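Listed below, chain by chain, are the residues.
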Amino acid sequence: MVTVYYQDDTVRVTSDSVHAGGQRVPVAELTYVWHVRGRGSARSRSRLVGRGVLIFLLSIPPLVAMVCVLSLAYAAQDRGDWRLAATILGVCAVGALALIPFLELPLSWLDRSYDRGSGVYELWVQRAGQELMLLQIADAMRFGQIYRAVQRAVEQHGGDGR
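Source: prediction; values computed, not measured.

Undergrad: Give a description of the pairing of strand β3 (residues 17-20) that names residues and reports values.
TA: The pairing of strand β2 (residues 12-14) with β3 spans two bridges and is antiparallel. When the bridges of β3 are listed, V13 appears paired with V18. Counted between consecutive antiparallel strands, the loop separating β2 from β3 contains two residues. Bridge analysis of β3 against strand β4 (residues 23-26) gives four bridges, and the strand direction is antiparallel. Pairing of S17 across the sheet is with P26, part of β4. Between β3 and β4, which pair antiparallel and follow one another directly, the connecting turn spans two residues, one of which, G21, has a positive phi of 60°.

Undergrad: An account of the environment of V25 is needed here, citing residue identities and associated values.
TA: With respect to the element layout, V25 can be found in strand β4. Assessed through its relative accessible area of 0%, V25 is described here as buried. Residues V25 and V125 lie 100 residues apart in sequence; the distance between their C-alpha atoms is 9.4 Å. Setting aside anything within four residues of it in sequence, one finds V25 in contact with S17, V18, L30, R127, L132 and L134.

Undergrad: Residues and numbers for the sheet that holds strand β6 (residues 120-127), please.
TA: Taken in spatial order, the three strands of this open sheet run β5-β6-β7, and their pairing is antiparallel. Two strands bound the open sheet, and with one partner strand each, they are β5 (30-38) and β7 (130-137). If you compare each strand with its neighbour and ignore which way they point, the axes differ by 25° on average. Summarising the sheet, β6 and β7 pair through seven bridges and their orientation is antiparallel. Pairing of E122 across the sheet is with Q136, part of β7.

Undergrad: Which residues make up unusual backbone geometry, and what are the values?
TA: In this structure, A128 is a non-glycine residue whose phi angle is positive, near 55°. Mapped onto the fold, A128 is located in the loop between β6 and β7.

Undergrad: Which residues make up the side chain of T14, and what values do they have?
TA: Among the secondary structure elements, T14 is positioned in strand β2. Here T14 falls in the buried class, since its relative accessible area comes to 3%. Beyond its immediate chain neighbours, meaning those up to four positions away, T14 contacts V2, T3, V4, Y5, V27 and A153.

Undergrad: So what's going on with a nonpolar patch on the surface? Residues and values would help.
TA: There is a patch of nonpolar side chains on the surface, built from V49, V53, F56, L57, I60 and V64 and spanning about 550 Å² of accessible area. Tracing the sequence through the fold places V64 in helix α1 (residues 42-79).

Rules and cut-offs
Residues numbered from 1 in each chain as written. Predicted model: local features only at pLDDT ≥ 70, side-chain atom pairs only at ≥ 80, totals over all residues. Heavy atoms only, no water. Pairing = 2+ DSSP bridges. Helix = DSSP H or I, 4+ residues; strand = E, 2+ residues; numbered from the N terminus. Buried < 20%, exposed > 50% of the residue type's maximum accessible area, 1.4 Å probe, protein only. Contact = heavy atoms within 4.5 Å. Axes fitted to C-alpha atoms, helices over the stretch in contact; angles between N-to-C directions. Patch = residues over 30% accessible without salt bridge, like charges linked within 9 Å, V, L, I, M, F, W, Y side chains within 5 Å. Areas by Shrake-Rupley, 256 points an atom, 1.4 Å probe, with all protein chains shown as cover. Salt bridge = Lys/Arg side-chain N within 4 Å of Asp/Glu carboxyl O.

Structure representation (structure tokens):
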């Protein structure tokens, strides 16, 4: 009976073999499994730049609000009219609270960018005394799932995988 440890469109890890990158490697032939963080690709660098832009754009409204509050407080102090300042601050606070649900989408993009990572990850194996790179991807979460699946397959087959 064959156990499937991981499967997606391009990778399949079973108790018998590992299919990745157009290659099929029997688990019985694997003597060592390791991973390397490779050089970043254009895609991973663009993800890092996009993350920075998103953080910058999410930081602008609170900074502008702080400047406005300080300026309003300073102006109210000069004129001695705190009632108008308090009314404006109250309306702005209610407006800000009403806009909070619209932050869900950009914050989920930011969260997803951290899940995917900012580097390229390589899965290497030793087969018949030769080193072979099976996989190179930029998605950190997916890579972790695949790497752990290969380790489990090798461990269950009787190798140490390390």
